[in-house]
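Chain by chain, the residues run as shown.
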Protein chains: 2
Amino acid sequence: MDISRTDCVARDAADPLAPLRDSFDLPAGIIYLDGNSLGARPKAALARAADVIAREWGTDLITSWNTAGWFDMPKRLGGKLAPLIGALPGEVAVTDTTSVNLFKALAGAVAMQAADPCRTTIVTERSNFPTDIYMAEGLAGWLRRGHTVRLVDSPEDIPAALGPDTAVLLLTHVNYRTGHMHDMAALTALAHEHGALTVWDLAHSAGAVPVDLHGANADFAVGCTYKYLNGGPGAPAFIWVPERHQGAFMQPLSGWWGHATPFAMAPSFAPCAGIGRALCGTQPVVSLALVECGLDVFAQTDMAALRAKSLALTDLFIALVEERCAGHPLGLVTPRDHARRGSHVSFTHPHGYAVMQALIARGVVGDYREPHIMRFGFTPVYTSFAEVWDAVEILKHILDDNAYDVNAARGTVT
Amino acid sequence: MDISRTDCVARDAADPLAPLRDSFDLPAGIIYLDGNSLGARPKAALARAADVIAREWGTDLITSWNTAGWFDMPKRLGGKLAPLIGALPGEVAVTDTTSVNLFKALAGAVAMQAADPCRTTIVTERSNFPTDIYMAEGLAGWLRRGHTVRLVDSPEDIPAALGPDTAVLLLTHVNYRTGHMHDMAALTALAHEHGALTVWDLAHSAGAVPVDLHGANADFAVGCTYKYLNGGPGAPAFIWVPERHQGAFMQPLSGWWGHATPFAMAPSFAPCAGIGRALCGTQPVVSLALVECGLDVFAQTDMAALRAKSLALTDLFIALVEERCAGHPLGLVTPRDHARRGSHVSFTHPHGYAVMQALIARGVVGDYREPHIMRFGFTPVYTSFAEVWDAVEILKHILDDNAYDVNAARGTVT
């Protein structure tokens, strides 16, 4: 390989997606490779928030529940998000948190398995994002019908963990640390062969890689909007229930927003038809409204184009790190295989935390995950090829010069 | 009684709380008597949102989880809210929705009763806000250990409904329709005599009436911030777990924000100490931040002063309606007894829906609740005595002139 910065600049000039960066307000002097944790701010968000707060809330007040469409926003935004994940518009709701939505999806899946009392195991990975495991534990512990969570140690161990006792296979599509991407269709088919249902967490997939939930015949999915979808810090998450499961889908967080007639004030719960039954309580309107600013950027392109750029960015990063930082104890964690790679790249380094702090101090913002993992997110809607070059050069200088503090104090990270 | 508009204007001039209205941006030409549904916008909210979006999110990006205190915000805002409800700072978290928090509180209470397998009944009122009943049904149905929800028809029936099978007495402190306020201390004592725990919904109490959770020896409470606390549409709700119950409090929505070491990424849930174990997933930062703008207004006064004004406003409204609208078929639903009255007043009218639409068309914004109930909220931080006078005059003219459309189409209302 013999790539120069000039080559990277040329690739940016030829990149049909490059203009999308103008939709975002990125701080000067920063190479932001952490969009897999918190997406950058769409420029439209500030004006949208001002309109929601000053006009919809301040002036129109209570009438905005109807006139500004606040009440329908979870379903309307779900409809906009749906094509990014291979879902139909009436199958997605933007609401609550990923953790809460996972609880609903898992509970709904477990309930659909109730006819077979032997199906009491929720299978997931030990390396799954912890809150997914915790929510599964919470549900299993509260059911107290012998439900347990079985953790497998690697993707290769999943097939052997499935059996007649499996109720649900719960997987995060793209692993938050390694960037490993599961074969959703193959694992769903395998789960179905064993009579199990699947729940997919798309936190690191939605807006990052093409997802085809219907093509994979998946059963349920959840995900977040504040990473690659750029919906804002802690923005409401989403839940997907396909039409074929909606009639049978029941979940215990049966709040009034999921009621068939929420304003009749009936003293007993009756779920509405469709994805609405995945809703629970009143949603945080301002944060919810900002999700649309992120989704509107995606309406200008498609996931195939974004995927091509994402792979080009991560290929370039891997190649440059291995070439220009050769000799340093860096270990590639993320699969080289395109079919198994998400949109972030992780390298281990014995002083990964310290090196990441040095990178951040020099304006290259990635993040750190235990153990020893430096994580770099590549967001095809705003990351440029020249930024990849510059980030690697800064990494190279830090490593060549030992310009990091091995005693760097640990802060909290998210 | 012989009160004139001039008297009302004089009362406003003498009202020490009157200056608080300047903290709010209320639309011109509107008498807003619906702060019990959606509180008005604090002026500070617009600048606060701009700062969170432009600087904390846009510029500081991921670092704001620490530097801007995003991660600690649920507990920090809980500490600000605590004195309004007779709680200690480390006992309240602002998070999720009222419905979701109610699920946590109910589940936690039921779990604390698990040693007595006969305690399987959740007692509440048929007239409770429906989502509270629905969430109790959802929990009971999922426990499948014989748990049921028992609905009582009136406050007087509560004592007889309690017994050795009662796990939890779940009540909304101030009824959303009638404005009736329960005696929290007496009913909590009664529940405790029967070995039951109490869960109080403070949706229509927090910021509206003095609440003394510790004085009442209550067990758990939840509430919302978007009504009298003026936190913004759908702003995150709150949950209170007193210190004496925190060690035993376990709830099934065991997400990573409630973990003892959330960033250690441990593959098994271990609850943190304190109120943090009531947290679940990542919170909607922009909506959450705006809650503080509402709470900051309350820091300028105290609930005793607000209560005195609230009662003066509701007394005045009741007296003026009964005097000036005499002869019209209006029925006072709200208790006259100060000890049993919240901060809104409800009147029935055979054409309540139509009359309310006519009021709204003339700038008096209250709302309608089935059946036949016109509901008027009095928010002591911004409602004036002259507004009460003017609202009644407009109501009088509508009724005197039959100036309402009995066939008015029903929209959705919240």
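The rules behind the values
- Residues numbered from 1 in each chain as written.
- Chains lettered and ligands numbered in written order.
- Predicted model: local features only at pLDDT ≥ 70, side-chain atom pairs only at ≥ 80, totals over all residues.
- Heavy atoms only, no water.
- UniProt positions renumbered as here; feature names shortened; annotations may be inferred.
- Helix = DSSP H or I, 4+ residues; strand = E, 2+ residues; numbered from the N terminus.
- Expected span 1.5 Å × (residues − 1).
- Buried < 20%, exposed > 50% of the residue type's maximum accessible area, 1.4 Å probe, protein only.
- Patch = residues over 30% accessible without salt bridge, like charges linked within 9 Å, V, L, I, M, F, W, Y side chains within 5 Å.
- Areas by Shrake-Rupley, 256 points an atom, 1.4 Å probe, with all protein chains shown as cover.
- Salt bridge = Lys/Arg side-chain N within 4 Å of Asp/Glu carboxyl O.
- Lys, Arg positive; Asp, Glu negative; His and termini not counted.
- Charge placed at Lys NZ, Arg CZ, Asp CG, Glu CD.
- Pairing = 2+ DSSP bridges.
- Contact = heavy atoms within 4.5 Å.
- Axes fitted to C-alpha atoms, helices over the stretch in contact; angles between N-to-C directions.
- Polar contact = N/O pair within 3.5 Å; in protein donor to acceptor, adjacent residues only side chain to side chain.
- Domains from an automatic or database assignment.
- Buried area = accessible area lost by both parts, 1.4 Å probe.
- Nonpolar A, V, L, I, M, F, W, Y, C, P; charged D, E, K, R; others polar.
- Least-squares fit on C-alpha atoms with pLDDT ≥ 70 in both.
- Core = buried A, V, L, I, M, F, W, Y, C linked by side-chain atoms within 4.5 Å.
- Right-handed = clockwise from strand over helix to strand, strands pointing away.

The name recorded for chain A in an unreviewed UniProt entry is Kynureninase, from Pseudoduganella lutea. According to its UniProt record, chain A has this under Cofactor (unreviewed entry): "pyridoxal 5'-phosphate". In UniProt, chain A has this text filed under Function (unreviewed entry): "Catalyzes the cleavage of L-kynurenine (L-Kyn) and L-3-hydroxykynurenine (L-3OHKyn) into anthranilic acid (AA) and 3-hydroxyanthranilic acid (3-OHAA), respectively."

In this section: helix α5 (residues 98-112) of chain A. The terminal C-alpha atoms of α5(A) lie 21 Å apart, and with 15 residues this matches the ideal 21 Å at 1.5 Å per residue to within 8%. Taken across its 15 residues, α5(A) has 13 buried, putting it largely inside the fold.

A contiguous patch of positive charge, built from R144(A), R145(A), R144(B) and R145(B), is present on the exposed surface. Among the secondary structure elements, R145(B) is positioned in the loop between α6 (130-143) and β6 (148-152). Overall, the relative accessible area of 31% leaves R145(B) in the partly exposed class.

Residues and elements named next belong to chain B. Here four strands make up an open sheet; going across it, the order is β11-β12-β15-β14 and the pairing antiparallel. Of all the strands in the sheet, just β11 (331-332) and β14 (367-369) have a single pairing partner and so form its edges. Of the strand pairs in this sheet, β11 and strand β12 (residues 344-348) are connected by two bridges, and their pairing is antiparallel. Within β12, the residue paired with L332 across the bridge is F347. Contacting β11, β12 and β15 (373-377), helix α11 (residues 303-324) runs over the sheet at an angle of about 20 degrees to β12. Sitting on the sheet, helix α12 (residues 352-361) touches β14 and β15, and the angle it makes with β15 is about 40 degrees.

Glancing now at the UniProt feature "binding site: pyridoxal 5'-phosphate" (unreviewed entry) in chain A. UniProt tags T98(A), S99(A), F129(A), P130(A), T131(A), D132(A), T172(A), D201(A), H204(A), Y226(A), W256(A) and T282(A) as "binding site: pyridoxal 5'-phosphate" (unreviewed entry). These residues run over 185 residues, and the two farthest C-alpha atoms among them are 30.3 Å apart, placing them at more than one spot. By the secondary structure assignment, D201(A) is in strand β8 (residues 197-201). Setting aside residues no more than four positions away along its own chain, D201(A) makes contact with T98(A), D132(A), L171(A), T172(A), H173(A), V222(A) and G223(A). With respect to the helices and strands, the residue T282(A) is situated in the loop between α9 (243-246) and α10 (285-298). Under the relative-accessibility criterion, T282(A) is labelled buried at 8%. Once residues within four sequence positions are removed from consideration, T282(A) is found in contact with W65(A), W256(A), W257(A), T97(B), Y226(B) and G234(B). Reaching out from T282(A), the side chain makes a polar contact with the side chain of W256(A) at a distance of 3.5 Å.

Here we come to the domain arrangement of chain A. All names here are of chain A. In terms of domains, chain A is made up of domain 1 (5-43 + 302-401) and domain 2 (71-299). Inter-centroid distance (C-alpha atoms) of domain 1 to domain 2 is 29 Å. Each partner contributes residues to the interface: domain 1 has 35 residues there, and domain 2 has 26 residues. Both faces considered, domain 1 and domain 2 share a buried interface measuring about 2,300 Å² in area, 62% of it formed by carbon and sulfur atoms. Ranking the residues of domain 1 by area buried against domain 2 places M303, R340 and H344 at the top, with a combined share of 25%. Counting every contact that joins domain 1 to domain 2 gives zero salt bridges. At the junction of domain 1 and domain 2, the tally comes to 14 residue pairs in polar contact (both at pLDDT 80 or more). Listing elements by their share of the side of domain 1 that touches domain 2, those giving two or more residues are α11 (303-324), β12 (344-348) and β15 (373-377). Looking at side-chain class alone, the side of domain 1 that touches domain 2 contains 15 nonpolar, 14 polar and six charged residues.

Right, let's get into the relation of the copies chain B and chain A. In this arrangement, two copies of a chain are superimposed by a rotation about an axis accompanied by a shift along the axis. Relative to chain A, chain B is turned by 180 degrees and slid 0.0 Å along the rotation axis, the superposed coordinates differing by an RMSD of 0.0 Å. Taken together, the rotation and translation describe the operation of a two-fold axis. In terms of proximity to the rotation axis, the leading residue of chain B is S287(B), whose C-alpha is 2.7 Å off the axis. When the interface residues of chain B are mapped onto chain A, 100% of them are again interface residues, pointing to one common binding face.

Ranked by size, the top nonpolar core spans 221 residues in total, and within it I85(A) and I85(B) carry the most contacts. What I85(B) contacts, discounting residues up to four positions off in sequence, is V92(B), L202(B), A206(B), V211(B), D212(B), L213(B) and F238(B). Core analysis: the next-biggest nonpolar cluster, separate from the first, contains 35 residues, L320(B), V388(B), V392(B) and I398(B) among them.

All names here are of chain B. Relative to β6, strand β5 (residues 121-125) runs parallel, the two sharing five bridges. Looking at the pairing, T121 lines up with T148 of β6. Since β5 and β6 lie parallel, the crossover through α6 that links them has a hand, and here it is right-handed.

So, on to the interface of chain B and chain A. It is common to give the size of an interface as the accessible area that goes away when the parts come together. Contacts between chain B and chain A engage 85 residues on the former and 86 residues on the latter. Of the roughly 7,200 Å² buried at the junction of chain B and chain A (both faces included), carbon and sulfur atoms supply 71%. Ranking the residues of chain B by area buried against chain A places W57(B), Y134(B) and W142(B) at the top, with a combined share of 12%. Applying the counting criterion to the chain B and chain A interface returns zero salt bridges. Counting across the interface, chain B meets chain A through 21 residue pairs in polar contact (both at pLDDT 80 or more). When residues of the side of chain B that touches chain A are traced back to their parent elements, those giving at least two are β3 (41-42), α2 (44-59), α3 (64-67), α5 (98-112), α6 and α10 (285-298) of chain B. Element by element, the count of residues in the side of chain B that touches chain A is highest for α6(B), at 10 residues. A breakdown of the residues in the side of chain B that touches chain A according to their chemical character gives 50 nonpolar, 25 polar and 10 charged.

Moving on to the sheet that holds strand β10 (residues 238-240) of chain B. Residues and elements named next belong to chain B. Ordered by their spatial adjacency, seven strands build an open sheet running β4-β10-β9-β8-β7-β5-β6, and the pairing between neighbours is mixed. For this open sheet the edge positions go to β4 (92-94) and β6, each flanked by a neighbour on one side alone. Each strand axis lies, on average, 20 degrees off the axis of its neighbour in the sheet, ignoring direction. Contacts between helix α4 (residues 73-81) and the sheet are confined to β4 and β10, with β4 contributing the most and set at about 120 degrees to the helix.

All names here are of chain A. Look at the UniProt record and you will see "modified residue: N6-(pyridoxal phosphate)lysine" (unreviewed entry) annotated at K227. Within the element layout of this structure, K227 appears in the loop between β9 (220-223) and β10 (238-240). Not counting chain neighbours up to four residues away, the residues in contact with K227 comprise G35, N36, S37, G39, A203 and H204. Within the local environment of K227, its side chain forms a polar contact with the backbone oxygen of N36, the two atoms lying 3.2 Å apart.

Further remarks concern the pattern of salt bridges. Residues and elements named next belong to chain A. Enumeration according to the criterion identifies 43 salt bridges over all chains in this entry. Between R55 and E56 there is a salt bridge, and its shortest N-O distance comes to 3.5 Å. For R55, a relative accessible area of 39% puts it in the partly exposed group. Judged by relative accessible area, which is 5%, E56 ranks as buried. What you see here is one network of salt bridges that share partners, running through R48, D51, R55, E56 and D60.

Okay, the environment of L84(B) next. Residues and elements named next belong to chain B. In this structure, L84 sits in the loop between α4 and β4. C-alpha separation for the pair L84 and I3, spaced 81 residues apart in sequence, amounts to 33 Å. The residues touching L84, leaving out its near neighbours within four places in the chain, are V211, L229, L295, F298 and M303.

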